[in-house]
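Chain and residue survey
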Amino acid sequence: MPVGLFRVCLLVITAIVNHPLFFPKENGTVPENTEEIIQKMKEREESLRLEQLRLEQEIADQEATQKALEKAAVVVEESKEEKVRWDMWTALSMVIFLLIELWRQDFQEGNWQDVGGEEDDMAVLGKAFKGVALPNKAVLASFYEKRILGTTGDMARMREMVEGFADDLLEALRSVCNRDADMEVEDCMGVGSMYENWRVRKPFICDLIVPFAPPEPYCFRCQTWCSGDSFPPDEQGYGTIKVCRADEDATGCICDKTKLGEDMLCLLHSQVSSTGPSSEMEDLLCFKNTQYLDADQVMKWFQIAITKAWNRISHKYEFDLSFSLLDSPGALKIKFKSGKSIAFNLTPVVQYENSDVYFISHFPRSSLAADIPSSTHWFLTFAVYERRFIQLVSKTLPANACHVSCLQILSFLHGKQCSLTGPSGLTNYHLKTVLLHLLQARPSQDWAPEKLEARLQDMLKFLEKCLHEKKLYHFFIGNGKVPAELGFPIIFQRAEPLNLFRPFVLRRDIYRKMVDTFHEMLRNMSALINEYTVHNPLAHTNGIRKE
């Protein structure tokens, strides 16, 4: 009961206290401030809404930027994948191309000499042979007998005379040279067409090579393009000759390759020797400030030595001796009082190691000298092995085989054509290379004398094919089928085949001239052979076409 009364009293008191009449008068403005509060609340709401819109816009922009970045990343990734795929296909294509090219080269290397293995390869004449009628066997035999066969005896007599004089001249050369300082000259050797019995055109010129070596204690160290040293493609077939002391390592002393300090000396070389090798090397016919043998220096030394030697023995002979070409070291001419003359070449060479391959300084009567990269680059000649190969094969051929006859006829016709239309890039050495390939490719019985016409056609077809493809490979370089009896160096057999027509690939004018000369020779062949068969010198232009 008291608790209930207490609650009623508390309720009454609370109602009285909260009655409006008990508040002061200033509280009567509350209803008026309500509208202002509502207005502020609306403004605040509007500002919050604008802020919300701004934030939503920023979020949307960020999302758009993020999507753009993600899209760009996807594009970049796809492009990378595409590039990787493209690079992969490119690499795969290159690998396939290289494999095809290697297969093609291997196929060529394995078959470039098998030109006579199948008759079908030469059953169809090329375009150049259309309308060309080769003389028959009887005409060819008559032509060979009347025009070519009679020159054999003249060549033998001339070889004997020139060799005897050359031996005497070289002996005199040795006597005038200083054995302690000058080069040591060895005996000469005959090479080329005069010693392979296929030269037919006059004047007859004997080619003799003379090996020489440096005085003791020096020696030659030869480097070729196929010996592992880096040679550019245009220097294939060439090499360099380094003059070294015999006791010096092939790589040379390290003081030649390393710049020593001023207070350091090489224990192997004194200060005097380190300051004087330049003049010493020049005395040894090296190029200035190098150890490499200079062909021009060799030419000057050899010409001076030949002149001194001739002055010593000239009283023994009733003829004069002179240099016929000043840009060749030993292009000599014997002039008799009767007015007749004999020309021969005595060319200094350097032996490659213990083989019969030689570095030759100059090529008389050849355009090869103009193509030599520098005077320290020497061309390699395989003339001794070429002569031996012909001699070796000749022993297996039938009696009176026609291989030499084919080369003689082609050489004669080519020379006559060049006299009409001017010289071309095609040389007798190219014709000889064709014969060497066919000698290796065809069986021995195919070179019987009655097959002269067929083999002559083979040589022309093979040469036409080489001209069309601009490829005529050197017979020995890269040829793994060289007979072992020759003792040919294995390093050259394993080398890449050397294309003798490579210089003409970039020199289109010379190549065009060479092809035109060959075609003109084919068209004029019958006329030339018939003309010299009947031996009518007044008809020397009848039926012959000129460019």
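Residues numbered from 1 in each chain as written. Predicted model: local features only at pLDDT ≥ 70, side-chain atom pairs only at ≥ 80, totals over all residues. Heavy atoms only, no water.

1. Quick look at the nonpolar core
Leu169, Leu293, Phe344 and Leu346 are the most contacted members of the largest nonpolar core, which has 114 residues in total. Of the residues forming this core, the biggest block, 10 residues, is contributed by helix 15 (residues 508-534). Counting residues in each nonpolar core, the second largest holds 10 residues, with Val191, Ile209, Val349 and Tyr358 among its members. (Core = buried A, V, L, I, M, F, W, Y, C linked by side-chain atoms within 4.5 Å. Buried < 20%, exposed > 50% of the residue type's maximum accessible area, 1.4 Å probe, protein only. Helix = DSSP H or I, 4+ residues; strand = E, 2+ residues; numbered from the N terminus.)

2. Thoughts on the UniProt feature "coiled-coil region" (unreviewed entry) in the protein
Annotation from UniProt places "coiled-coil region" (unreviewed entry) at residues 38-72. For the annotated span residues 38-72, helix accounts for 100% and strand for 0% of the residues, and the straight-line distance between the end C-alpha atoms is 50 Å. (UniProt positions renumbered as here; feature names shortened; annotations may be inferred.)

3. Here's the deal with the packing of helix 10 (residues 403-421) against helix 12 (residues 452-469)
Relative orientation of the contacting elements helix 10 and helix 12 amounts to 55°, with a least axis distance of 9 Å. Comparing the axis directions of helix 10 and helix 12 gives the class oblique. As for how helix 10 packs across helix 12, the hand of that crossing is right-handed. Note on element contacts: helix 12 touches helix 10 through Leu452, Arg455, Leu456, Met459 and Leu460, opposite Ser405, Cys406, Leu407, Ile409 and Leu410. Residues that form the contact of helix 10 with helix 12 fall into these classes: eight nonpolar, one polar and one charged. (Axes fitted to C-alpha atoms, helices over the stretch in contact; angles between N-to-C directions. Parallel < 35°, antiparallel > 145°, perpendicular 65-115°, else oblique. Left-handed = near helix turned anticlockwise from the far one by under 90°. Contact = heavy atoms within 4.5 Å. Nonpolar A, V, L, I, M, F, W, Y, C, P; charged D, E, K, R; others polar.)

4. Remarks on the packing of aromatic side chains
Inspection of the entire model under this criterion finds 27 aromatic pairs. Between phenylalanine 212 and tryptophan 301, the aromatic rings sit 5.6 Å apart at their centres with planes inclined by 45°, giving tilted as the arrangement. With phenylalanine 212 in strand 3 (residues 205-213) and tryptophan 301 in helix 8 (residues 295-313), this pair connects stretches of sequence that are 89 residues apart. Given the relative accessible area of 12%, tryptophan 301 is considered buried. Between the aromatic rings of tryptophan 310 and phenylalanine 319, the centroid separation amounts to 5.9 Å while the plane-to-plane angle is 10°, which identifies the pairing as stacked. Judged by its relative accessible area of 11%, tryptophan 310 is buried. A network of ring pairs unites the aromatic residues Trp225, Tyr352, Phe359, Phe382, Tyr385, Phe389, Phe475, Phe476, Phe488 and Phe492 as a single cluster. Above the plane of the ring of tyrosine 385 lies arginine 388, whose end atom (NZ or CZ) is 5.6 Å from the centre. Residue placement shows lysine 470 over the ring face of tyrosine 511; its charged tip is 4.6 Å from the ring centre. (Phe/Tyr/Trp six-rings, centres within 6.5 Å; stacked < 30°, edge-to-face > 60°. Lys NZ or Arg CZ within 6 Å of the ring centre and 35° of its normal.)

5. Remarks on helix 11 (residues 428-441)
Helix length check: helix 11, at 14 residues, gives a terminal C-alpha distance of 20 Å against a target of 20 Å (1.5 Å per residue), a fit within 8%. Within helix 11, 11 of the 14 residues are buried, which leaves the element mostly enclosed by the surrounding structure. Turning to helix 11, its buried residues number three or more, namely His430, Leu431, Lys432, Thr433, Val434, Leu435, Leu436, His437, Leu438, Leu439 and Ala441. Buried positions along helix 11 lie against helix 5 (193-196), helix 9 (383-394), helix 10, helix 12 and helix 14 (503-506). (Expected span 1.5 Å × (residues − 1).)

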